[in-house]
Amino acid sequence: MKEKNTNKPKHEKGKIRAFLKSRKAKHGVISVAITAIFVAAVIVVNIICGLLVDRFPDIKLDFTSNKAFAIQEDTAEYMNHLDKDVTVNVLMSESNFESQSSYFVQAKNLLEKMESSSNGKLTVKYIDVSSNPSFASKYPDVDWSTSASNLVIVESGEQYRALGLDDCFEYDAETAAAYGYYNYTGTKIEQAVVTAVLNVTTTDKAKACFITGNQEQDYSGIKSLLENNAYELSEVSLATGDIDPETVVTFLFAPSVDLDESAIDKLAAWLNNEDKQGKTLIYVPCADKVETPNLDDFLKDWGMQVNDGYVFETSPNMLVSNSSPYAFVTQYTDYYKDGLKNSSIPVVTSDTHNIIISDTATAHALLTTTDAAGVYPLDADESWDYNDAITGEPLSVAAEGVKEGGETDSSRVIVFGSYMMFTKDVMKVNSFNNSAFLMNIVNTVSDKQDSGITIESKSLDNKELGVTDVTTTNLLTIIFIVVVPAIVLIIGIIVWIRRRNK
């Protein structure tokens, strides 16, 4: 049988040698080499950038319009001046934490920025509690009854504070309750961690008290605000107890029942503080003004009186809603305004009583209406005309009475005309200054320097670049739609012409 010739003809081998020596082959090899080097360089640059970002989180660029991945300037400033070591324990493995939702990824980025801004004082750790069963025993005051009750523990020295899912994230509560599914809508972890850090690093906390036993309205919004700003809180019924002498600020929040004479005497004695003064009562009357003769007499001694009617505002620029003249923004006076971070943001009120200044030597207004406001009396009949109620003078909706003692300190009674000003729903609205104004007052009368930080929750719904002005938008459009493609086209033409002429 004749063997098959497997040797290629000599002319084919010659073609291969000729091709390898040709200019086209050389250019091809160079092109492949350049491409390989470029791809390798991109990979190396990506690795280096990843390592740098992990080491220095602040170099991450945030192009979202609402800066969803950037911490607030106040947060960075607070962290930069942190003088105690703080540990933020996230009770989940890092990978598990990120896998929960895009909002958890956002939260992780915010924690990294806070850690980076703290100059080594704040450390973020991820603890898988299921793999470390002894971890919970270090925090006996934390409720570990449900696995979802705690998400973060912030600690410094012997002090610690647990943060739950509700503290760190916003989500659809109805869906979660009905189906056990968490539809996250915002991240609050920045505010939660900052306030927790403030709490665990504050050793000498100012004391505040709430008077109970008189059918008060819900004051949980104020309570949470004070807790977040590192106040030590207590409650007392004046029918059975006394206000702690070390308490600096006491709240009487919208009582539906008058205080008896004994309770009034206890309150007056606490304010007098053995002639040393230095105490503050913040009183808010009930919305449906009830008979409170003892409280009325008490306020007269501080130069104030609460009008039974409801204040209305006719200036359209002050109204919150065109449908109601009883909900409006107020005007600041010169008191407690300077300490506000942004005094251009107003305080809002609704269904408020007018605080009449009966003794100008003792009392003064804190918040007022415009001169186009009036009071709707409770006994108004059909013949009542709102124009007749407008006096042409601003009305006080918050006021302060001051009494000086033998020393430099003064005691104060501060009255706000509406308890609606301090409900949870109103105080969490960042376009109003209600929580900031109240906190500024409390911090001032308590001689407390750190005013806390108010931080809004951050949503990821808006993912576009943070460019809103027309000029910048048009410039970017021209660059990426016209200039960049034109440059690429010109370079391509030049390369093609040069190769063809060789």
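For the structure itself, look to the data block above.
Residues numbered from 1 in each chain as written. Predicted model: local features only at pLDDT ≥ 70, side-chain atom pairs only at ≥ 80, totals over all residues. Heavy atoms only, no water.

Participant: Would you explain a nonpolar patch on the surface in this entry?
Facilitator: Together, Ile478, Val483, Ile487 and Ile491 line one region of the surface with nonpolar side chains, adding up to about 340 Å² of accessible area. Summarising the element assignment, isoleucine 487 is placed in helix H15 (residues 470-501). Note on isoleucine 487: relative accessible area 45%, which makes it partly exposed. (Patch = residues over 30% accessible without salt bridge, like charges linked within 9 Å, V, L, I, M, F, W, Y side chains within 5 Å. Areas by Shrake-Rupley, 256 points an atom, 1.4 Å probe, with all protein chains shown as cover. Salt bridge = Lys/Arg side-chain N within 4 Å of Asp/Glu carboxyl O. Helix = DSSP H or I, 4+ residues; strand = E, 2+ residues; numbered from the N terminus. Buried < 20%, exposed > 50% of the residue type's maximum accessible area, 1.4 Å probe, protein only.)

Participant: Help me understand the pairing of strand E21 (residues 410-416), please; the structure alone is not making it clear to me.
Facilitator: On any regular strand, side chains alternate: one points to one face of the sheet, the next to the other face. The buried fraction of E21 is high, at six of seven residues. Where strand E10 (residues 280-284) meets E21, four bridges bridge the pair, whose relative direction is parallel. Considered in E21, the bridge of tyrosine 283 is made with valine 415. Bridge count for strand E20 (residues 396-404) against E21 is seven bridges, and the pairing is antiparallel. By the bridge assignment for E21, glutamate 404 is matched with serine 410. (Pairing = 2+ DSSP bridges.)

Participant: Help me out: how do you make sense of unusual backbone geometry in this one?
Facilitator: Outside of glycine, negative phi angles account for most residues, and trans bonds account for most peptide bonds. Of note in this structure, alanine 254 is not a glycine but carries a positive phi near 50°. Within the chain, glutamate 274 stands out as a residue other than glycine whose phi angle is a positive 55°. Mapped onto the elements of the fold, glutamate 274 is located in the loop between helix H10 (261-272) and E10.

Participant: Sorry, what's going on with the pairing of strand E1 (residues 86-90) here?
Facilitator: Counting buried residues in E1 gives five out of five residues, a clear majority hidden from the surface. What you see with E1 is no split at all: Val86, Val88 and Val90 on one side and Thr87 and Asn89 on the other are buried throughout. When E1 meets strand E2 (residues 122-126), the two strands line up parallel, connected through five bridges. Among the inter-strand pairings, valine 86 is bridged to a residue of E2, identified as leucine 122. In this structure, E1 lies alongside strand E3 (residues 152-156), joined through four bridges in antiparallel fashion.

Participant: Would you mind going over the nonpolar core with me for this structure?
Facilitator: Considering soluble globular proteins, one finds that nonpolar side chains tend to be buried as a cluster. Formed by 41 residues in total, the largest nonpolar core has its most connected members in Phe416 and Phe437. When residues in this core are grouped by element, the largest group, six residues, is from helix H14 (residues 434-445). The next biggest cluster of nonpolar side chains, apart from the first, holds 31 residues, and it includes Phe97, Tyr103, Leu151 and Tyr184. (Core = buried A, V, L, I, M, F, W, Y, C linked by side-chain atoms within 4.5 Å.)

Participant: How should the sheet that holds E21 be read in this particular structure?
Facilitator: Paired through backbone hydrogen bonds, the strands of a sheet run either parallel or antiparallel to each other. In space, the eight strands of this open sheet follow the order E8-E7-E9-E10-E21-E20-E18-E15, with mixed pairing throughout. Where the open sheet ends on each side, the last strands, each with one partner, are strand E8 (232-237) and strand E15 (331-332). By the bridge criterion, five bridges tie strand E18 (residues 363-368) to E20 in an arrangement that is antiparallel. Counted as the bridge partner of alanine 365 is alanine 399 from E20. Those strands touched by H10 are strand E7 (207-212), strand E9 (249-253), E10 and E21, and its axis lies near 140° from that of E10. (Contact = heavy atoms within 4.5 Å. Axes fitted to C-alpha atoms, helices over the stretch in contact; angles between N-to-C directions.)

Participant: Whenever I open this one, the sheet that holds strand E14 (residues 324-329) confuses me. Can you help?
Facilitator: Pairing in this open sheet of three strands is antiparallel, and the strands run E13-E14-E16 from one edge to the other. Strands at the two margins of the open sheet, each flanked by one partner only, are strand E13 (319-321) and strand E16 (348-350). Within this sheet the neighbouring strands show an average axis-to-axis angle of 45°, counted without direction. In this sheet, E16 lies alongside E14 in antiparallel orientation, the contact comprising three bridges. Counted as the bridge partner of valine 329 is valine 348 from E16.

Participant: How should the environment of valine 311 be read in this particular structure?
Facilitator: By secondary structure assignment, the location of valine 311 is in strand E12 (residues 310-313). Classification of valine 311 by relative accessible area gives buried; the value is 0%. Not counting chain neighbours up to four residues away, the residues in contact with valine 311 comprise Pro325, Tyr326, Phe328, Thr352, His353, Asn354, Thr369, Ala373, Gly374, Val375, Leu395 and Val397.

Participant: What is the right way to look at the pattern of salt bridges in this model?
Facilitator: Any two side chains of opposite charge can pair if their charged atoms end up close together. Under the counting rule described, the total for this entry stands at 10 salt bridges. As a salt-bridge pair, glutamate 112 and lysine 108 come within 2.6 Å of each other at their nearest N and O atoms. Linking glutamate 112 with lysine 108, this pair stays in helix H5 (residues 102-117), spanning four residues, or about one helical turn. Judged on exposure class, the residue glutamate 112 and its partner lysine 108 are both buried. With a closest N to O distance of 4.0 Å, aspartate 425 and lysine 428 form a salt bridge. Connected through salt bridges with shared partners, the residues Glu94, Glu98, Lys108 and Glu112 form a single ionic network.

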